[in-house]
Amino acid sequence: MTDTDAGSTDDIVAETVELLKSFELTEYEAKCFVALARIGQGTAKEASEVADVPQARVYDCMETLQDRGLVDVQQSKPRQYRGSDSDDALDTIERRVDRKLERLQELLPQLREGERGDGGGEIWVTDGSDEVAERMATLVEATDDEVMLAVAAPDLLTDDLLEALAAATDAGVDVTVGSPDENIRERVTEHAAAATVVETWTWWETVPIRNGAVSSVLMTDGEALLVSADAPTELPSVRTHRAVWTDSGEAPLVGMMRPLLANAIRGEIEGTAAL
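Worth saying up front: this structure is predicted, and the values here are computed from it rather than measured. All residue numbers refer to positions counted from 1 along the written sequence of the respective chain. Local features in a predicted model are, by the rule used here, given only for residues with pLDDT of at least 70; side-chain atom pairs are given and counted only at 80 or more, and totals for whole chains, interfaces and linings are based on all residues. In computing side-chain properties, one takes all heavy atoms of the structure into account and sets aside hydrogens as well as water.

### Let's talk about the environment of isoleucine 209
Item 1. Mapped onto the secondary structure, isoleucine 209 falls in the loop between strand S7 (196-199) and strand S8 (214-220).
Item 2. Whether a residue is buried, partly exposed or exposed follows from its accessible area with a 1.4 Å probe, protein chains only, as a fraction of its type maximum: under 20%, in between, or over 50%, in that order. When its relative accessible area of 17% is taken as the criterion, isoleucine 209 is described as buried.
Item 3. Distance from isoleucine 209 to proline 180, taken between C-alpha atoms, is 9.4 Å for residues 29 residues apart in sequence. Secondary structure elements follow DSSP: runs of H or I of four or more residues count as helices, runs of E of two or more count as strands, with numbering from the N terminus.

Quick look at the structure:
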């Protein structure tokens, strides 16, 4: 084995140990299990040498791994230990994780003692181009009936957002997208052919948009709303986006923006042919 091969094996062992630790194995338990995966089966002494774990600790680790269903023990002299094969081990770990997730699903709803007052609908703030685009995609994915989107910043039209728009149209959601940017309109049409796509300049004078201008307005099902704007960063000539959004139709902002957005993009349909 070359030095390069040895280094590669060490890296694989180290990464595997770290991953196993994330599933509640101690470092010694993870190292013992990896050692058995490498040698197939062996004694505590052999596992100790391969795993670089004190032999006195190997016995405890093997007992715990046996309880978890990850190791078989042969009552011979000396005892022989054999790790579960990869598929069985992964199935065992997956079942333990699933049981804990199911229990969390039962417990988490019980933690909420009641609604904290309506407050008229909460408004949230999201910073960063990727974060704003991700929030937009999430809102679209949760839509049942209608999506209205006006967007002028190409970097907000991510693959995830385009996929969400396409999936919405496939599910029968009424999707209307308006933009002053021809390239944006073409990309939406290409990915979501069933969407209505129109040209609109309601919030914009030029493309690319000016610094500080509105970069997108999204409304879903007449209730959830996101409005983003171009924003500066601490880096010279680097811009990003900041958005305010709500998923509550009770927020006053929703009532204010609904007719404006509808007029901005749906009002264009009669006078502008969809691409």
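### Section: the sheet that holds strand S4 (residues 124-127)
Strand pairing in a sheet relies on backbone hydrogen bonds. The paired strands run either parallel or antiparallel.
Item 1. If DSSP finds at least two bridges between two strands, the strands pair. Reading across from one edge, S4-S10-S9-S8-S5-S6-S7 is the order of the 7 strands in this open sheet, with mixed pairing throughout. This sheet does not close on itself; its edge strands, each paired only once, are S4 and S7. The sheet shows a mean angle of 15° between the axes of neighbouring strands, direction not considered.
Item 2. Alignment of strand S5 (residues 146-151) against strand S6 (residues 174-179), held across 5 bridges, turns out to be parallel. From the neighbouring strand, valine 147 faces S6, where its bridge partner is valine 175.
Item 3. In what follows, a contact means two residues having at least one pair of non-hydrogen atoms within 4.5 Å. Geometry is summarised by axes, namely lines fitted to C-alpha atoms with helices restricted to the contacting stretch, and by angles between N-to-C directions that run from 0 to 180 degrees. Across the face of the sheet, helix H7 (residues 159-170) comes into contact with S5 and S6 while running at roughly 140° to S6.

### As for unusual backbone geometry
Item 1. For the bond from lysine 77 to proline 78, the omega torsion is -10°, close enough to zero to count as cis.
Item 2. Here the amide bond leading from valine 207 into proline 208 is cis, since omega sits at 0°, within 30 degrees of zero.
Item 3. Assignment of secondary structure puts proline 208 in the loop between S7 and S8.
Item 4. A positive phi angle, near 60°, is found at aspartate 52, a position not held by glycine.
Item 5. Not every positive phi belongs to a glycine, and serine 237 is a case in point at roughly 65°.
Item 6. Tracing the chain through its elements places serine 237 in the loop between strand S9 (224-232) and strand S10 (239-246).

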